Amino acid sequence: VALGLYFPRKEYLENVYIDEPAGMPLLRIHALKDSHEEVAHFHLCQNLIISRARSHENNWFQIREKTGFLYLSKSLDREDFNMLSVGNWMPLSKVMLYVFLSSHPFQEKECDSATRTTVFLSLINATAPACSSLTARQLCFTEMDLSFHIKENKPPGTFHQLQLPSVHHLCQNLSISYKLLAAEGVPFRYNENTTSVRVTRRLDREERERYELIAKCTVREGFREMQVEVPFLVNVLDEDDSPPFLPNGTDTADAVVEFNRKEGTVLSTLAVYDADTTPIYPLESSRKKYTGTIITDDPWISETFRVEHIFDEIHFSPNGSQVRGTRHEY
């Protein structure tokens, strides 16, 4: 069982055209580690899910266990397309594959690992378009948003490759280069030789929970040059690693009760802040996390007074960056 390895994306999208050759690289899937000694192994379960209903044995797609490269193991011809599409009049058929992740080599047909990501493949009833007919956007980026989730406090590692393997394979006459535009000091590095993006140090969500960068791509064909920029977003996932704190350092509040107070009168309040978590739903699960208690041996006090607990989301601003948290009021 993969204990800590995880995918930085929940899903991947790619197009597959008729008659693309066997061995054609489609996309690269990455994994991030929970601890330095883990080694990632990728595995594809041998069923394609078609149109959310039927499944079909996968005879066309394979993944390299150690690198996460998804490729065509057999050319997809029109007969295959007709079989995999709802009807042969459809110009496009969507199929779904699950890629599983483990810290040890996969055993045969082992497809119950909890750690998986979904690959959506659009099978297109046409041969691949000529590179010269594609826009810079199509040559540089897929239809996927460049949006990633990285857990806090985990080791650094590579989590994305900007270059599209299929375009690189088919359009060798074009020069396509990338840059990652980012503010000084952000913990991400772009490697020009491999076109891969790496998180360079452990992240801390209580310090910053979202990074907004820009991926810039330049396409050169002879004297012609085209450029395109897209957002590159990294969300930091929370680990419950910071204790709640009291704004003035005290966890007790005194209440003075005067005569003739009406039922529902607020006599005293106490606030607790938690920078680590945001309110989760159902609300009861947030409420159970902390309890407020009246400390007394007098049964009359216990019957006459009660502690109410309300909470809401607030924003902290460490280093000028907004981080969500919760304020609990008793």
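A quick note: this is a predicted structure, and the numbers were derived from the prediction, not measured.

(A) Structural view of the overall build of the protein chain. The helix and strand tally for the protein chain stands at five helices and 19 strands. By the compact-globule yardstick of 20 Å for 330 residues, the protein chain is too spread out, its C-alpha radius of gyration being 27 Å. For the protein chain, the spread of C-alpha atoms along the principal axes amounts to about 85 × 45 × 40 Å. Relative to its full complement of 330 residues, the protein chain shows a buried share of 41%. A sequence separation of at least 24 residues applies to 69% of the contacts in the protein chain between residues at least 6 apart. Surface accessibility of the protein chain: about 19,200 Å² in total, with carbon and sulfur atoms responsible for 50%.

(B) The arrangement of the sheet that holds strand 19 (residues 323–329) in detail. Across the sheet, which stays open at both edges, the three strands sit in the order 17-19-18 with antiparallel pairing between neighbours. Where the open sheet ends on each side, the last strands, each with one partner, are strand 17 (271–274) and strand 18 (310–316). Averaged over all adjacent pairs, the angle separating strand axes in this sheet is 25°, with direction ignored. The pairing of strand 18 with strand 19 spans seven bridges and is classified as antiparallel. In the strand pairing of strand 19, Phe316 is matched with Val323.

(C) Structural detail: the pairing of strand 9 (residues 116–124). The element strand 9 is largely enclosed, with a buried count of seven among its nine residues. Here seven bridges tie strand 1 (residues 11–17) to strand 9, and the two strands are oriented parallel to one another. Residue pairing for strand 9: Tyr12 is matched across the bridge by Val119.

(D) Main features of the UniProt feature "domain: Cadherin" (unreviewed entry) in the protein chain. Following the UniProt record, one finds the feature "domain: Cadherin" (unreviewed entry) at residues 142–246. End C-alpha to end C-alpha, residues 142–246 measures 47 Å, and it is 6% helix and 50% strand.

(E) Geometry of unusual backbone geometry. Even without being glycine, Asp19 reaches a positive phi, approximately 65°. Counting through the fold element by element, Asp19 comes out in the loop between strand 1 and strand 2 (25–28). Even without being a glycine, Asn153 presents a positive backbone phi close to 65°. Inspection of the secondary structure puts Asn153 in the loop between strand 10 (146–151) and strand 11 (157–161).

(F) Geometry of the environment of Leu162. As for its placement among the helices and strands, Leu162 is situated in the loop between strand 11 and helix 3 (165–170). By relative accessible area, Leu162 is classed as buried at 2%. Placed 29 residues apart in sequence, Leu162 and Asn191 show a C-alpha to C-alpha distance of 9.9 Å. When residues no more than four places from it in sequence are discounted, the contact partners of Leu162 are Cys140, Phe141, Leu146, Tyr178, Tyr190, Thr195, Val197, Ala215 and Phe232.

(G) Representation of the state of the cysteines within the structure. Taken as a whole and assessed by the stated rule, the structure comprises two disulfides. With a sulfur-sulfur separation of 2.0 Å, Cys131 is cross-linked through a disulfide to Cys171. Measuring the twist about the S-S bond at about -85°, one finds the Cys131-Cys171 disulfide to be left-handed. One end of the pair, Cys131, is in the loop between strand 9 and helix 2 (136–140); the other, Cys171, is in the loop between helix 3 and strand 12 (175–181), with 40 residues separating them in the sequence. The side chain of Cys140 participates in a disulfide bridge whose partner is Cys217; the two sulfur atoms lie 2.0 Å from each other. A torsion of -65° about the S-S bond marks the disulfide between Cys140 and Cys217 as left-handed.

(H) Layout of the sheet that holds strand 15 (residues 210–221). One open sheet accounts for four strands, arranged 10-16-15-12; its pairing is mixed. Here the strands that pair on one side only, and so sit at the sheet edges, are strand 10 and strand 12. Sheet twist, expressed as the average angle between the axes of neighbouring strands with direction ignored, equals 25°. Both strand 12 and strand 15 contribute to a ladder of seven bridges, which runs antiparallel. In the strand pairing of strand 15, Tyr178 is matched with Cys217.

Basis of the calculations
Residues numbered from 1 in each chain as written. Predicted model: local features only at pLDDT ≥ 70, side-chain atom pairs only at ≥ 80, totals over all residues. Heavy atoms only, no water. Helix = DSSP H or I, 4+ residues; strand = E, 2+ residues; numbered from the N terminus. Rg over C-alpha atoms; globule rule 2.2 N^0.38 Å. Buried < 20%, exposed > 50% of the residue type's maximum accessible area, 1.4 Å probe, protein only. Contact = heavy atoms within 4.5 Å. Areas by Shrake-Rupley, 256 points an atom, 1.4 Å probe, with all protein chains shown as cover. Pairing = 2+ DSSP bridges. Axes fitted to C-alpha atoms, helices over the stretch in contact; angles between N-to-C directions. UniProt positions renumbered as here; feature names shortened; annotations may be inferred. Disulfide = S-S within 2.5 Å.

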